[in-house]
Amino acid sequence: MSYTAIRALVRTDIRLYLTDRRALIVGIVIPILIAAFFGYVFGGNGSAAELGRIPIAVDDEDQSNVSRAIVADLVKDPMLEVQALERAPATQLVRSGKVQAAAVVPKGFGDAAVRALFRSVDKPRVELLVDPSQTGTGRIVEGLFTQYGMQEITKEAFGGATGRAALAQGLDWVNRVSSVDQPDRAELKALLEAARNLSLRQTAAGSSAAPSLQRGLSIPYVLATTKVTSAQDVPYNGYAHSFAGMTVQFILFAGIDAGVLLLLTRDRGIWQRLRAAPLQKWQFLLARTFATTLISLFQFTVIYAVALTVFNVRISGSLAGLVALAVMFCVLNATFGLMLASVGRSAGATRGIAMMVTLLLVMIGGAWVPSFVFPKWLQQASLAAPTRWAVDGLDAVTWRGLGFEAALTPIIVLALSAAVCLAIAIWRFRWED
Amino acid sequence: MLSVSHLQKRYGDRVAVADASFEIPGGRTVGLLGPNGAGKTTTLAMISGLTAPDSGTVSFQGQSIQQDGRALRLRVGLVPQDLALYDELSAAANLELFGGLYGLTGQTLNGRINDALQLVGLADRRRDRVRSFSGGMKRRLNIAGALLHDPDLVLLDEPTVGVDPQSRNAIFENLEELKRRGKTLLYTTHYMEEAERLCDRIVIMDHGRVIADDTVTGLYNRLPASRAALLTLAGPPLTPAQLARVAAVAGISAAVVTEGGIRIDTDDFGAPLGRVCELLGAAGLRITAVSSGTTSLEEVFIALTGRALRDDPAPVPP
């Protein structure tokens, strides 16, 4: 009898879900669309074509060989999209957010910079105007400008007319000043003369000069960045995280719907018929938990099937971990819905409050953007949200390629959260009138 | 036998049922009548186990709802006033749920569903969604949902509310069939003609108390006469003295002036009516039309419960 009644209730709930097209669209199609969007924005499936360029402006007031060469290097850089503008319109574009930074190269920059290479005085001042909302952009542009600046300035210093003039001025200065000790003066003079001779030979050789010197000094090492994913040569797939986040979010929405539907049922004749039957409270709660868990698992399975087949998401870690996480999160979702139905009074108010709480949970849980971008205190606080554990666990067993042990703590946290929700539901659920 | 003894239920300060006692012998049909807020639905809820009484007892064939609630529920079918159906599902899917709640499975369940749908005339709509049903069909399916576990006692809370005459007649036939099968029926309704047609006995409640519990004939006997004649008159208005003379005629229970005439209550339309005609003719009044009939249950109901409107909502459980 118990089993038959529970089975009848579960079967009915599943039938109701499958006949509700709105629930199918909201619970499956919309999370896939949003996950696809977020996944694309956060790197897609790893192809370089999906990276966006940083828009910047450059005002070259100097128009020297050095400054023109630096601007040309910036234009060629694949990370940047450079516009040549004067200071005023460039500033306006930064203010309006249309470009993220603007560099103003002052008149006399080329000469002053080459001179300052040999004598650390009268350094020219390059202004970098940045959009404060783009915190990383200023550092990127600063780094690139420094790289290309050093390259072009040293090139000019050791092969250009400005460089030779600067070297001559330097030699003259060494001969004249008395503050330099005699041994140091001799060494310094020899260094500057060697540099001048090198410059003269480079100029005489023209295009047949050594290529390395033609390019000026460059960074004397190569920084090799490796993205640590599940395996070597497996690129990071931004969809893996976004699908984890959106699956968590929209399954929770389905849990809210289940809870609200139960509240609405209380006002219908069907509730009287359920209560007139030889059905006990625990049977009813168990049936609802089981039905909502199965419906949530169906949602989870369909969404992840699309993620795997269309968006190339891979379960690079523990499959058992993924299954256990999915089951436990769906159980949590079912008990969450029951808890709402137990503590809620009216359907409208319960839905509103539950939506707000759920959105907060999924936001701080890292369902929208990964939690590592949060401030430190928020990262700590988000550990109290079961959604954080669910998303981190799904990340671990998919793109991070970690084993079951990485999913174990999230599974335990989800199980404990489900137990708390169920306890509240049993405590507060009004079976009798 | 269903035995209801001194049931009481209060919601906060409001008394829903003050004292309800009655009995229904097995296989009989009893109508539970009363104005809005009289306590009918609350009484039905306590009998079906939906609501626990503050005091009093309910037992059916020796089993108490308080002590043997689970066993008793297996023998009781409830037809709620609000439709207890999922519109999104088919008729069969709805009945599968209700049968499953009572432990029915497989061929047994399927057979019971066929029988119930046959009884209410919906066998050919088994696979159709309830949303496509008319109001009357939904009401019939609502009844079918209470019959799957073959209950001995069927509680029906206004099962014909809001349906057209054809559907109502079909529901009457369904209930008459249940009577023939020996079911005990307790039936609440506002429609007196339904109670008259179906019920062996009528219980009338008002202000949470049982104020009458009798057969239909017994209730009629509570009125001064079983028949009435309405005479339409032409001529001068009837004077109080003339009215008094009419009322004093032997065999006349009451005489009242109506708009355009006079109504007389009597058990016999023979000699007393002839004497009244003579008196009216002597007074210069001419009878232009005569209509007659038996008194109705509605008149009994009004006589017992009064004509005051009962707009108070039923008490709501907290």
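The structure presented is a predicted model; accordingly, all values stated were derived computationally and were not measured. Sequence order sets the numbering: in each chain, residues are counted from 1 along the sequence as written. Chain labels run from A onward and ligand labels from 1 onward, assigned in the order the entries are written. Local features in this predicted model are restricted to residues whose pLDDT is 70 or higher, and side-chain atom pairs enter the listing and the counts only when it is 80 or higher, whereas totals over whole chains, interfaces and linings include all residues. Excluded from the side-chain calculation are hydrogens and water; included are all heavy atoms of the structure.

## Some points on the overall build of chain A
1) Next: Here a helix means four or more residues in a row that DSSP labels H or I, a strand means two or more in a row labelled E, and each is numbered from the N terminus. Regarding its fold elements, chain A presents 17 helices and four strands.
2) Next: Radius of gyration means the value over C-alpha atoms here, while the globule rule gives 2.2 Å times the residue count to the 0.38 power. Against the globule reference of 22 Å for 433 residues, chain A gives a C-alpha radius of gyration of 33 Å, more extended than a compact globule.
3) Next: Overall, the C-alpha framework of chain A stretches about 110 × 45 × 40 Å when taken along its three principal axes.
4) Next: Burial status follows relative accessibility: with a 1.4 Å probe on protein chains alone, a residue under 20% of its type maximum counts as buried, one over 50% as exposed, and anything between as partly exposed. Put simply, chain A has 433 residues, and 45% of those count as buried.
5) Next: Contacts between residues were defined by any pair of non-hydrogen atoms, one from each residue, lying within 4.5 Å. Long-range contacts, defined here as pairs at least 24 residues apart, represent 80% of the contacts in chain A between residues at least 6 apart.
6) Next: Of the charged side chains in chain A, 40 are positive and 31 negative; the average position of the first set lies 11 Å away from that of the second. Charge assignment in this entry is limited to Lys and Arg as positive and Asp and Glu as negative, and neither His nor the chain termini are counted. The atoms used to mark charge sites are NZ of Lys, CZ of Arg, CG of Asp and CD of Glu.

## Structural notes on unusual backbone geometry
Residues and elements named next belong to chain B.
1) Next: At Gln61, a position not held by glycine, the phi torsion is positive, near 50°.
2) Next: Tracing the backbone through its elements, the reader meets Gln61 in the loop between β4 (55-60) and β5 (63-64).
3) Next: Non-glycine residue Asp150 carries a positive phi angle of around 55°.
4) Next: Structurally, Asp150 can be placed in the loop between α5 (135-144) and β7 (153-157).

## Re the interface of chain A and chain B
Reports often express the size of an interface as the amount of accessible area lost when the parts come together.
1) Next: With 26 residues of chain A at the interface, the matching set in chain B holds 31 residues.
2) Next: Buried area is a sum: the accessible area each of two parts loses on coming together, probed at 1.4 Å, counted once for each and added. Across the chain A to chain B interface the summed buried area is about 2,800 Å²; carbon plus sulfur atoms make up 58%.
3) Next: Whenever Lys or Arg places a side-chain nitrogen within 4 Å of a carboxyl oxygen from Asp or Glu, that contact is recorded as a salt bridge. Viewed at the interface, chain B and chain A are joined by one salt bridge.
4) Next: Residue A:Arg15 pairs with B:Glu96 through a salt bridge whose shortest N-O separation is 2.8 Å.

## With respect to the pattern of salt bridges
All names here are of chain B.
1) Next: Tallied over the entire structure, the rule returns 21 salt bridges over all chains.
2) Next: Taking the shortest distance from any N to any O, the salt bridge between Asp87 and Lys138 comes out at 3.8 Å. One end of the pair, Asp87, is in the loop between β6 (76-79) and α3 (91-101); the other, Lys138, is in helix α5, and 51 residues separate them in sequence.

## With respect to the environment of A:Arg268
1) Next: Residue position: A:Arg268 is located in the loop between α10 (238-265) and α11 (269-276).
2) Next: Measuring from C-alpha to C-alpha, the distance between A:Arg268 and A:Ala390 comes to 36 Å, with 122 residues separating the pair along the chain.

## Examining the nonpolar core
1) Next: Here the nonpolar core consists of buried residues drawn from Ala, Val, Leu, Ile, Met, Phe, Trp, Tyr and Cys, with membership extended through side-chain atoms lying within 4.5 Å. Counting residues in hydrophobic clusters, the biggest one holds 48 residues, and the most contacted among them are A:Phe243, A:Val248, A:Phe329 and A:Leu394.
2) Next: Those elements giving two or more residues to this core turn out to be α2 (21-41), α10, α12 (281-310), α13 (319-343), α14 (347-364), α16 (386-397) and α17 (404-428) of chain A.
3) Next: Listed in part, the 45 residues of the second largest apolar core include A:Leu274, B:Ala91, B:Leu97 and B:Val130.

## What to know about the domain arrangement of chain B
1) Next: These domain limits were set by an automatic method or by a database of domain assignments. Each assigned domain of chain B is listed here: domain 1 (2-220) and domain 2 (227-294).
2) Next: Placing the centre of domain 1 of chain B and that of domain 2 of chain B at their C-alpha centroids yields a distance of 44 Å.

## Structural notes on the packing of α10(A) against α14(A)
Residues and elements named next belong to chain A.
1) Next: The interhelical angle for the contact between α10 and α14, taken along N-to-C directions, is 165°, at an axis separation of 10 Å. Overall, the two elements α10 and α14 adopt an arrangement that is roughly antiparallel. Handedness of the crossing formed by α10 with α14: right-handed. Contacts from Val248, Gln249, Leu252, Phe253, Ile256, Asp257, Val260, Leu263 and Leu264 in α10 reach Ala347, Thr350, Arg351, Ala354, Met355, Thr358, Leu359 and Val362 in α14.
2) Next: Taken together, the residues of the contact of α10 with α14 break down into 12 nonpolar, three polar and two charged. Interaxial angles span 0 to 180 degrees and are taken between N-to-C directions of axes, which are lines fitted to C-alpha atoms, for helices over the stretch in contact. Put simply, angles under 35 degrees are roughly parallel, angles over 145 are roughly antiparallel, angles from 65 to 115 are roughly perpendicular, and the rest are oblique. Left-handed is the label given to a crossing in which the near helix is rotated counterclockwise from the far helix by less than a right angle, and right-handed is the label when the rotation is clockwise. Each residue is assigned to one of three groups, with Ala, Val, Leu, Ile, Met, Phe, Trp, Tyr, Cys and Pro labelled nonpolar, Asp, Glu, Lys and Arg labelled charged, and all others, Gly among them, labelled polar.

## Quick word on α11(A)
1) Next: The element α11(A) is extensively covered by neighbouring structure, given that seven of its eight residues are classed as buried.
2) Next: Looking only at α11(A), the buried set comprises A:Gly269, A:Ile270, A:Trp271, A:Arg273, A:Leu274, A:Arg275 and A:Ala276.

## What about the packing of α2(A) against α12(A)?
All names here are of chain A.
1) Next: Axis separation between α2 and α12 bottoms out at 10 Å; the angle between their running directions is 30°. By the angle between their directions, the pair α2 and α12 is classed as roughly parallel. For α2 against α12, the interelement crossing comes out right-handed. Two secondary-structure elements touch here, α2 through Leu24, Gly27, Ile28, Pro31 and Ile32 and α12 through Phe298, Gln299, Val302, Ile303 and Val306.

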